[in-house]
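Understanding the architecture of this molecule
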Amino acid sequence: TLVIVSAEISRMAGGLGRVINYHTIEFIHLMGKNARLVWVEPYYKDSEESLGEFIYDEFPVKIRGKRVFAQVYKRKNILRIPNEKGEVEELEIENYLIRDPQKYYVGKLYKYNHDDSPAGLDEFSEFFCKAFLELLRRQIKRTTDGWGKPVIAVNDGQCLSISFLKRLVYPRLMRNI
């Protein structure tokens, strides 16, 4: 499983979403269409789509000594991939979206220290990265729809701390990724 983690993937509101989509297409060309790719991104409160009330998973993470719950929603996205013949094929991508129920840490896309998004960039990053690592730990343990021993692709500054947090917060997790 290749798990792609970013602050923007499916929305494509800025350049990063497009970059991640292009990277995903190239990963598929390299790995083949039968490879399992997973997207993990924040579930912003100003998202156009609603994922309903179904929460795939919920768990606490510790943010600056405070216990904060993370909610994970799961959906399928369709990615259109051009093939060698110039035709477009559709591929389903598993998409996991993370937020906090109060929408303090995950507010509006790229808005920090704002009325609608009170958390600062550092708080958002700490919450999202720790919530992702806990989701990763839980998904590795799952037998039915788990991720096995995944490869993690991180592509932006908001997710950069995943690299060192996995060593500090989850040192045993390192054996599985």
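Residues numbered from 1 in each chain as written. Predicted model: local features only at pLDDT ≥ 70, side-chain atom pairs only at ≥ 80, totals over all residues. Heavy atoms only, no water.

Let us look at unusual backbone geometry. Non-glycine residue K103 carries a positive phi angle of around 60°. Inspection of the secondary structure puts K103 in the loop between β5 (88-99) and α2 (121-141). Taking the relative accessible area as the measure of exposure, K103 reaches 26% and is therefore partly exposed. Positive phi values are uncommon outside glycine, yet N113 reaches one of about 50°. The residue N113 is located in the loop between β5 and α2 in this model. You can call N113 exposed: its relative accessible area is 62%. (Helix = DSSP H or I, 4+ residues; strand = E, 2+ residues; numbered from the N terminus. Buried < 20%, exposed > 50% of the residue type's maximum accessible area, 1.4 Å probe, protein only.)

A few words on the packing of aromatic side chains. Here the structure, examined in full by the defined rule, presents eight aromatic pairs. An angle of 50° between the planes, with centres 5.7 Å apart, marks the rings of Y112 and F124 as tilted. One end of the pair, Y112, is in the loop between β5 and α2; the other, F124, is in helix α2, and 12 residues separate them in sequence. You can call F124 buried: its relative accessible area is 1%. (Phe/Tyr/Trp six-rings, centres within 6.5 Å; stacked < 30°, edge-to-face > 60°.)

This brings us to the confidence of the model for the protein chain. Mean pLDDT for the protein chain: 85, with 90% of residues reaching 70 or above. Here helix α3 (residues 162-168) stands out as the least confident element of the protein chain, with mean pLDDT 81; strand β3 (residues 57-63) is the most confident, with 95. (pLDDT = per-residue confidence, 0-100.)

The next point concerns the nonpolar core. Within the largest apolar cluster, 34 residues are counted, with the highest numbers of intra-cluster contacts made by V40, I98, F127, F132 and W147. If you list the elements that add at least two residues to this core, you get β1 (2-5), β2 (37-42), β3, β4 (66-82), β5, α2 and α3. With 10 residues, the top contributor of residues to this core is α2. What F127 contacts, discounting residues up to four positions off in sequence, is V61, I63, V68, F69, A70, I98, R99, D100, Y105 and V106. In terms of nonpolar packing, the next biggest core, distinct from the first, is built from 14 residues, L16, I25, W39 and I81 among them. (Core = buried A, V, L, I, M, F, W, Y, C linked by side-chain atoms within 4.5 Å. Contact = heavy atoms within 4.5 Å.)

Look at α2: 30 Å from first C-alpha to last across 21 residues, which is about the 30 Å you get at 1.5 Å a residue. Most of α2 is tucked away, with 16 of its 21 residues classed as buried. (Expected span 1.5 Å × (residues − 1).)

Among the surface-exposed residues, F164, L168 and V169 lie close enough to one another that they form a single nonpolar patch of about 310 Å² accessible area. Within the fold, V169 resides in the segment after α3. For V169, a relative accessible area of 40% corresponds to the partly exposed category. (Patch = residues over 30% accessible without salt bridge, like charges linked within 9 Å, V, L, I, M, F, W, Y side chains within 5 Å. Areas by Shrake-Rupley, 256 points an atom, 1.4 Å probe, with all protein chains shown as cover. Salt bridge = Lys/Arg side-chain N within 4 Å of Asp/Glu carboxyl O.)

Following the criterion strictly, the structure yields 11 salt bridges and no others. A salt bridge links K74 to E94, with the nearest nitrogen and oxygen atoms 3.9 Å apart. On the criterion of sequence distance, the pair formed by K74 in strand β4 and E94 in strand β5 is long-range, its members being 20 residues apart. With relative accessibility at 27%, the residue K74 sits in the partly exposed group. Accessibility expressed as a relative area gives 10% for E94, which makes it buried. Overlapping salt bridges bring together D57, E134, R137, R138 and R142 as one network.

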